[in-house]
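The primary structure of each chain is shown beneath.
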Amino acid sequence: MNKITLGISSCLLGNNVRYDGGHKLDHFLADTLGQYVDWVPVCPEVECGLPVPREAMRLVGDPGDPRLVTLRTRVDHTTRMKRWAKKRTAELEEAELCGFVFKSRSPSSGMRGVKIYTEAGMPNSTGSGIFAHAFMKQFPLLPVEDEGRMHDPGLRENFIERIFVYRRWQVYIKEGGSLGGLVAFHSDHKYLIMAHSQKHYSSLGKMVAGAKKMRKDALHSGYLGQLMEGLQLLATPKKNANVLQHMAGYFKEQLSAEEKKELLEVITSYHDSLVPLIVPVTLLKHYVRKYQEDYLARQVYLNPHPLELMLRNHV
């Protein structure tokens, strides 16, 4: 698969575009994930015409529609930012993005939890930065995250898993988006979806089963919407252990009693947070190769993202 295209707040790549003339380089994003990604950097403040350095700003007023105002001189840049954001999000339609990483707590780019102040200067509520809000409204199904939350291993894995799923969906659509292709896509992602939500896996299965009765565009949008909604739910040790046990069942005829015992013990140790997910997955992949279990070999769950990212190595 070619590199994935992701949007990112420019300062996270080490570009000196922040209000104080500095940056917020994130080494994991720039150096590690960057090996698999073509980044599209965006700095709302600079791109809408503000200088570097510049006066700091914050969100003020109505939590439902806050204004972007400078701290000291009280200059209102809301109209300028909204006009630019509308134009920029339209341009990003052509970029075939698979997701976006925002700068946390930024009044322009914060995805969530950005402080909104009263006119008297007191924090009153929280919301999204103006550009981030416009972006998420324009691309409601795209995986998005902020760099602060990605320091959590579970949230990091969840986001990266979703961007690779989205990229595989783009490939499916580019190859014609046929019904047979959708059946194959759904089949290959079976255990990955189950690890996030059994409910969504069941509803997606029903949608595929009744696909002949749906218009193609409605089928694609409906499937993708439910798929991305389900994948936002975190895959917990309990849900992963259930999937691992299902997959282990494919080898009940081939494995010896001792091998079955070992596999069950490894899955249980993972469930009890004694070993990372990579341990039972590696053992299952060994049996998949050894016994040439073709159906499991196609399961994205066993290889959802590059092994070098080590996203399943945490306990």
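Values in this document were obtained by computation on a predicted structure and should not be read as measured data.

What counts as what
- Residues numbered from 1 in each chain as written.
- Predicted model: local features only at pLDDT ≥ 70, side-chain atom pairs only at ≥ 80, totals over all residues.
- Heavy atoms only, no water.
- Helix = DSSP H or I, 4+ residues; strand = E, 2+ residues; numbered from the N terminus.
- Buried < 20%, exposed > 50% of the residue type's maximum accessible area, 1.4 Å probe, protein only.
- Contact = heavy atoms within 4.5 Å.
- Pairing = 2+ DSSP bridges.
- Axes fitted to C-alpha atoms, helices over the stretch in contact; angles between N-to-C directions.
- Expected span 1.5 Å × (residues − 1).
- Arc of directions from axis to C-beta.
- Salt bridge = Lys/Arg side-chain N within 4 Å of Asp/Glu carboxyl O.

Chemist: Can you walk me through the overall build of the chain in this structure?
Modeler: Each helix and strand in the chain was counted, giving 13 helices and 8 strands. Along the first, second and third principal axes, the C-alpha atoms of the chain reach 75 × 45 × 35 Å. Out of the 315 residues belonging to the chain, those deemed buried represent 49%. Taking as baseline every contact in the chain between residues at least 6 positions apart, the subset at least 24 positions apart corresponds to 66%.

Chemist: What is the right way to look at the sheet that holds strand 2 (residues 37-42) in this model?
Modeler: In a beta sheet, neighbouring strands are held together by backbone hydrogen bonds and run either parallel or antiparallel to one another. Ordered by their spatial adjacency, 4 strands build an open sheet running 2-1-5-8, and the pairing between neighbours is parallel. If you trace the sheet from one side to the other, it starts and ends with strand 2 and strand 8 (144-146), each paired once. Within this sheet the neighbouring strands show an average axis-to-axis angle of 25 degrees, counted without direction. Judged from the 2 bridges that link them, strand 1 (residues 4-9) and strand 5 (residues 100-102) form a sheet pairing that is parallel.

Chemist: How do you make sense of unusual backbone geometry when you look at a structure like this?
Modeler: Trans is the prevailing form of peptide bonds, just as negative phi is the prevailing case for residues other than glycine. Of note, the bond from Val 52 into Pro 53 is cis; its omega dihedral lies within 30 degrees of zero at -5 degrees. Positionally, Pro 53 belongs in the loop between helix 2 (44-47) and strand 3 (57-60). With a phi close to 55 degrees, Glu 96 is a non-glycine residue in the positive phi region. As for its position among the elements, Glu 96 is in the loop between helix 3 (78-92) and strand 5. Among the residues examined, Glu 96 registers a relative accessible area of 39% and is labelled partly exposed. At Arg 105, a position not held by glycine, the phi torsion is positive, near 65 degrees.

Chemist: Is there a simple way to explain helix 8 (residues 198-209) in this structure?
Modeler: Each α-helix turn comprises 3.6 residues. Residues three or four places apart therefore point the same way. Across its 12 residues, helix 8 extends 16 Å between first and last C-alpha, which sits within 8% of the 16 Å expected from 1.5 Å per residue. For helix 8, every residue scored as buried is listed here: His 200, Tyr 201, Leu 204, Met 207 and Val 208. The buried residues of helix 8 occupy one face: seen down the axis, they fall within an arc of 125 degrees. The exposed set on the far side of helix 8, more than 90 degrees from its buried face, consists of Lys 199, Lys 206 and Ala 209. Looking at the buried side of helix 8, the elements it contacts are helix 6 (179-188), helix 7 (190-196) and helix 9 (216-231).

Chemist: How should I be thinking about the pattern of salt bridges in this particular structure?
Modeler: Pairing of side chains with opposite charge becomes possible as their charged atoms draw close. Summed over the entire model, instances satisfying the criterion amount to 15 salt bridges. Ionic pairing is found between Glu 96 and Lys 174, a salt bridge with its closest N-O pair at 2.9 Å. Placement of the pair is Glu 96 in the loop between helix 3 and strand 5 and Lys 174 in helix 5 (residues 153-174), with a sequence separation of 78 residues. The exposure class of Lys 174 is exposed, given its relative accessible area of 54%. With a shortest N-O distance of 3.9 Å, Glu 259 and Lys 290 are connected by a salt bridge. You can see Glu 259 sitting in helix 11 (residues 257-271) and its partner Lys 290 sitting in helix 12 (residues 278-290), a full 31 residues away along the chain. The network of salt bridges with shared partners includes Glu 47, Lys 87, Arg 88 and Glu 91.

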